[in-house]
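If you want the building blocks of each chain, they are given just below.
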Amino acid sequence: MDTFLQQVINGVTAGSVYAIVALGYTMVYGIIQLINFAHGEVVMIGAMVAFTVINTLAPSGLPALAVVLIGTGCAVPVCILVGYSMERLAYRPLRGAPRLAPLITAIGVSIILQHLALMIWSRNVLAFPQIIASRTYFIGGAAITSVQIAILAICVALMAALALLVYRTRLGTAMRATAQNPQVAGLMGIDVNRVIAATFVIGAALGAVAGVLFGTYYGLAQYTMGSILGLKAFSAAVLGGIGNIPGAMLGGIVLGLVEALGAGYIGDFTDLCQYGLLARAIDACEGGGHFILFGSNYQDVFAFVVLILVLVFRPQGLLGERVGDRA
Amino acid sequence: MNKKVGITLVAAIFTFAGCGEQQKPAAKADAKSAAEAPKAPAAPAQEVKIGHVGPLTGQIAHLGKDNENGARLAIDEANEAKVQLGGQPVKFTLVAEDDQADPKVGTTVAQKLVDAKVVGVVGHLNSGTSIPASPIYNQAGIPVISGSATNPKLTEQGFKNQFRVVGRDDQQGPAIASYLATERKPKLVAVIDDATAYGEGIANEVEKTLKAQNIKVLPREKGTDKTTDWKAVLTKIRGQKPDAVFYGGMDATGGPLIKQGRELGIKAVFAFGDGACTEEMNKLGGPAAEGLLCSQAGIPPQAASKKFLDAYKKKFNVDPIIYSPFTYDAANMLIAAMKQADSSDPKKYLAELQKLTYNGATGPIAFDDKGDRKDAEITIFTMKSKLEPIAVVKGGKAVSYDEFLRSAGGAAPAAAPAEKK
Amino acid sequence: MQRLFDTRKRPWLVWVGCALIGIVLALLPFALAQVGTSWVRITNYAILYILLALGLNIVVGFAGLLDLGYIAFYAVGAYTYALLASPHFNLHLPFWVILPIGAAVAAFFGLLLGTPTLKLRGDYLAIVTLGFGEIIRIFLNNLSRPVNITNGPQGIARIDPFRLDGFSFGSYETFLGIEFSGPIKYYYLLLAVVLGVIVVNVRLQNSRVGRAWEAIREDEIAARSMGINTRNMKLLAFAMGASFGGVAGGMFSAIQAFISPESFVLVESIMVVSMVVLGGMGNVWGVILGALLLSFVPEILRWTVEPAQHALFGRMVVEPEVIRMLLFGLALVLIMLFRPAGLMPSAVRRRELAERSEAPAGHPL
């Protein structure tokens, strides 16, 4: 039982990070129907900038929390700048173009950002200085660290803040209006360009925080971390319902759980040696052996399989509304 | 009209590409010889080209450069010694190529070296590029010695010109496994690998050895070479309560593995292969890395001959990382065989290379009939705030490190280990 | 000048032009071999990319289905050949048996990908195909347990070269006083295959099938209402495109004599898509141009950038591979901004993309 609980804790924590990144994807898609492939790289840049700051400040003796906060404080503006430039230079001119163009552009931007980061921070894995004293608590045999608790708390807080922004402020109303119908929103006096830029900026800021969380939780950052994280977070956004903000949150957590529980248990389920009839037919099962069809090595596949299943069978995701022409 | 433009364009590209390279090799060769021999002898020396291949760009570019430096040191020393072959003075030139650790580029580069008429090759660094390149060298009859490719398949292909001076994964795996078995006596071991050729290979060897010693091994868990979150796999393992965990993979993933393992409360001893036997483990794993075991093929750089260490430091201003003593020895062996045969013709000196016994920076080297190094040593390390060698396994038998140094005699004293990077 | 080359008045000029090109192509490998056989190898790999780009052109260019996981078919074809002609299973079937099998297996996977995605459009299709490509690669990497099918990350080595009654494409021989190295022999074979594929593509474009694809690409609902069986046409596009990838994969296997899953990563898929997009989607010649550019530019970069940096800075400041990727990303962005139809677009495309600046958001491509 403690194993199961542990997997749940691991899954939910990893899932929270996915969720924050997924928010960036979902907001941008909701408003301009663009899959911003480069969002993962924004998260990576956030992590790298934070690394540089934290690495420089670590020996200075400041309290760990302050160092991390300063790191975040530096990462957020950099990411905002990156996100805004992306929108202004690469996506805005293609606002009316057929869907293929911004998609290819996004891939191009993603490649450029990745390799710029490579030039600045080198190829190596960067190890975050271990300044945060992490305490481990045991709940019924399952370990949860203070860093994990912090991540969960920050996630919830960010989600609440974003919900507040989207549903209670003028900007949020403008965003929702533009997402529904940009032309009419423009007619109503909303500066559509500014709203879209704001969406990118908020997404980028969230991405920066996600990057810092990732870096401090796993203790490392590398120029390639953006692409894998991005794909998984995008799957999470689609799972929850692309364009739907609570959906992104839910999708992230669910995906994290699926990955953790999948990696933990699928080997056990597909071990053919447990199934009497088959066990007798397979040589390897003798003497307590194992014949595992799908083990934890397929962990990465889960995100993709989830993505494909959702898109094929329920394209609107868990919480989304059915949108025509996308089905 | 468009079609014609298109056709002309295509033709132009081909001609441009063709013209492009005509100048390049000439320019490159000039640049190389200019950089190579500031002290070219006044008498026209016969130029003897030796190739070196390694990843000079990419994830392990630093290791590739380290290897190249080792070979270059040997070449420069030979040039200073003013070697003569067949009565003529010779000048050795190192043709260094970058294979980007990509098999496709590796084969192209091998072809390039064959075209450039090198008489011998030191390299490649990765088994993944050495193996596809080997038939190309074999067809051309050029002897190749690798200083770092550890996949057993390389020398199992029956090529008489393929050698290596470093141990194989099927020697390294059993070495760390039997050390683990005899010293820590675990009853249950978990084996994880990163699903790369290297990681899976060495993990397979470890599992085989452990099973042969009647130790129970859990079903294999895998990650990828980019896994950052090991918690799912580790939680599953924790439930089975193993006494030891072996991981076949690199430090970039091994560090987080051991860190997260300790965070989850796993108390087992963690063992690694040479991919995760670096100081990076300290940085990535933090205090969790304390007490880990790992192995390296060959002897540690600090146990290499003092002469080599000093010369390397003097020339390149950095310390050798891992395999440069091996590439140094490999290049020197090529040269020694040429001297023995008094010729730089591969057809003549290959036979000498096969029987050669050479005392190198990594100890005495001789090749067996497959081209592997006879009695290759494997060193076992532990992490005590930095990596410290604790044992050397040779021919299946493990001796403690201090005893090894005493018996080897003449190797660098353990009291002053060089800082690795 | 235009009057001099007016093919309507002098139709024989076309034949002269073709003959000239034919001679250049026939003598090219020998010219390159003078510089170094490695350049023949590089050209061979470039021709393989041309094959891939032409195959993807059917899916993306003709039928308008964005496929970001095309390299999976290349992988399937390569592994089919490797499993049937290497020491791995100790099977050594001749290449003229295996290549059709490889094409069929790849086509099957194409259908596998196409069937569930028939309803998807644009970006969603792109993502699903991307996921599919990755899944194939991960499976290839992991099918070493519990039963060893693909030998996992270790890859399969010592793959047989193409052999025909004692004549091996892999070995070096001298014929009529001319030296034929392995790569040169493969070059001619590849050239023949590519010419065949080009002919097939050009004919396809102007056939009923090709026009059906074009109709689907423009407006699927209208196409369906005109009586085109969109489902079958889309599946046909996937299958045909995949089969070309499969054949190319088989040849790749034999030429490199070693394959492993790391040759079939996502970046390769994106590279092939870029070749099609940059060159000119839907235009066979544009696609070839795109493939040639993207294959040779990295080599040229490596030749120029390294010595330039050494001369200027005394050391390598930025690796040529990094510069190449930066330029590549920049090229993608710039092409989409300024010339979204590609360098050599088909006339249809250019018209359509020029007009569509106020396209309704629903249009997939």
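Scroll up to find the structure this text is about.
Residues numbered from 1 in each chain as written. Chains lettered and ligands numbered in written order. Predicted model: local features only at pLDDT ≥ 70, side-chain atom pairs only at ≥ 80, totals over all residues. Heavy atoms only, no water.

Asks: Any chance you could explain the state of the cysteines here in plain terms?
Replies: Joining two cysteines, a disulfide is a covalent bond between their sulfur atoms. Applying the stated rule across the entire model yields 1 disulfide over all chains. Shown here is the disulfide that connects B:Cys277 with B:Cys294, its sulfur atoms set 2.0 Å apart. Looking down the S-S bond of the B:Cys277 and B:Cys294 bridge, the torsion is 60 degrees, so its handedness is right-handed. Separated by 17 residues along the polypeptide, B:Cys277 in the loop between strand 11 (269-272) and helix 9 (280-285) and B:Cys294 in strand 12 (residues 293-297) bring together distant segments of the chain. Just as B:Cys277 is buried, B:Cys294 falls in that class too. You can see A:Cys79 has no disulfide; the closest cysteine sulfur is in A:Cys74, sitting 11 Å from it. The exposure class assigned to A:Cys79 is buried, which follows from its relative accessible area of 0%. (Disulfide = S-S within 2.5 Å. Helix = DSSP H or I, 4+ residues; strand = E, 2+ residues; numbered from the N terminus. Buried < 20%, exposed > 50% of the residue type's maximum accessible area, 1.4 Å probe, protein only.)

Asks: For this particular structure, what's the right way to read the sheet that holds strand 2 (residues 84-85) of chain B?
Replies: Residues and elements named next belong to chain B. Judged by pairing direction, the sheet is mixed, and its 6 strands sit side by side in the order 2-3-1-4-5-6 without closing on themselves. The sheet is open, and its two edges are formed by strand 2 and strand 6 (162-164), each paired on a single side. Where strand 4 (residues 120-122) meets strand 5 (residues 144-146), 2 bridges bridge the pair, whose relative direction is parallel. Paired with Val121 across the bridge in strand 5 is Val144. Where helix 2 (residues 61-80) meets the sheet, it contacts strand 1 (46-54), strand 3 (88-98) and strand 4, and its direction lies at approximately 170 degrees from that of strand 3. Set on the sheet, helix 11 (residues 324-341) makes contact with strand 1, strand 2, strand 3, strand 4 and strand 5; between it and strand 4 the angle comes to about 165 degrees. (Pairing = 2+ DSSP bridges. Contact = heavy atoms within 4.5 Å. Axes fitted to C-alpha atoms, helices over the stretch in contact; angles between N-to-C directions.)

Asks: Is there a simple way to think about the interface of chain A and chain C in this case?
Replies: The figure often quoted for interface size is the accessible area lost as the parts come together. Tallying the contact residues gives 48 residues for chain A and 48 residues for chain C. Counting the surface lost from both chain A and chain C, the interface buries some 4200 Å², and carbon and sulfur atoms represent 77% of this. The interface formed by chain A and chain C contains 0 salt bridges. Run the count over chain A and chain C and you get 0 residue pairs in polar contact (both at pLDDT 80 or more). (Buried area = accessible area lost by both parts, 1.4 Å probe. Salt bridge = Lys/Arg side-chain N within 4 Å of Asp/Glu carboxyl O. Polar contact = N/O pair within 3.5 Å; in protein donor to acceptor, adjacent residues only side chain to side chain.)

Asks: Mind showing me how you'd approach the environment of C:Trp213 here?
Replies: All names here are of chain C. By the element assignment, Trp213 lies in helix 7 (residues 208-218). With 125 residues separating them along the chain, Trp213 and Phe338 place their C-alpha atoms 26 Å apart. Here Trp213 is in contact with Ile58, Phe62, Ala63, Leu204, Met233, Leu236, Ala237 and Met240, once residues within four sequence places are set aside. There is a polar contact of 2.9 Å between the side chain of Trp213 and the backbone oxygen of Met233.

Coordinates in, geometry out; function isn't part of it.
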